[in-house]
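Observations on chain architecture
Read off the chains here:
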Amino acid sequence: MINSKLTVGIAGPTGATGTLCLDERPPVPGDPLGIHDLTPRERQVLLLLGQAATNREISHSLGIAERTVKSHLTSVMGKLDVTTRTEAAIFSYVHHSALVHEEPDAAAS
């Protein structure tokens, strides 16, 4: 039987070698359990970020100030345990369905 996994030999900066399995998905940044802590507005901001919207585009779309968008993003990133805007956008893209369909907790409203 042929092994269906594609592996590649890699060398690290110290010359140590190993293998990397290319058919496995890379880990997704963030903590999906943090979705439950997001307010409805934070979900909206995050969903727009996942569509590659800029802060200005998000602010115009939601009718809020850019400063408010930045504040929401800071809060979102803390709740989801991501450290960059790019990680937050990836998180939004990967967890789009959960962000759209799950009801936020009453405490988060």
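Above: the structure in question.
Everything in this summary refers to the structure shown in the same document. This is a predicted model, so every value here is computed, not measured.

**As for helix 1 (residues 40–49)**
Of all 10 residues in helix 1, 7 are buried, a share of seventy percent or more. Here helix 1 has its buried residues at Glu42, Arg43, Val45, Leu46, Leu47, Leu48 and Leu49.

**A look at a nonpolar patch on the surface**
On the surface, a nonpolar cluster with roughly 370 Å² of combined accessible area is contributed by Val28, Ile90, Tyr93 and Val94. Structurally, valine 94 can be placed in helix 4 (residues 85–94). Assessed through its relative accessible area of 36%, valine 94 is described here as partly exposed.

**Observations concerning the packing of helix 1 against helix 4**
Interaxial distance between helix 1 and helix 4 falls to 8 Å at its minimum, and their mutual angle equals 95°. Classed by the angle they form, the pair helix 1 and helix 4 counts as roughly perpendicular. Between helix 1 and helix 4, the residues in contact are Leu46, Leu47 and Leu49 and Arg85, Ala88, Ala89, Phe91 and Ser92, respectively. Residue classes in the contact of helix 1 with helix 4 are distributed as 6 nonpolar, 1 polar and 1 charged.

Rules used in this analysis
- Residues numbered from 1 in each chain as written.
- Predicted model: local features only at pLDDT ≥ 70, side-chain atom pairs only at ≥ 80, totals over all residues.
- Heavy atoms only, no water.
- Buried < 20%, exposed > 50% of the residue type's maximum accessible area, 1.4 Å probe, protein only.
- Helix = DSSP H or I, 4+ residues; strand = E, 2+ residues; numbered from the N terminus.
- Patch = residues over 30% accessible without salt bridge, like charges linked within 9 Å, V, L, I, M, F, W, Y side chains within 5 Å.
- Areas by Shrake-Rupley, 256 points an atom, 1.4 Å probe, with all protein chains shown as cover.
- Salt bridge = Lys/Arg side-chain N within 4 Å of Asp/Glu carboxyl O.
- Axes fitted to C-alpha atoms, helices over the stretch in contact; angles between N-to-C directions.
- Parallel < 35°, antiparallel > 145°, perpendicular 65-115°, else oblique.
- Contact = heavy atoms within 4.5 Å.
- Nonpolar A, V, L, I, M, F, W, Y, C, P; charged D, E, K, R; others polar.

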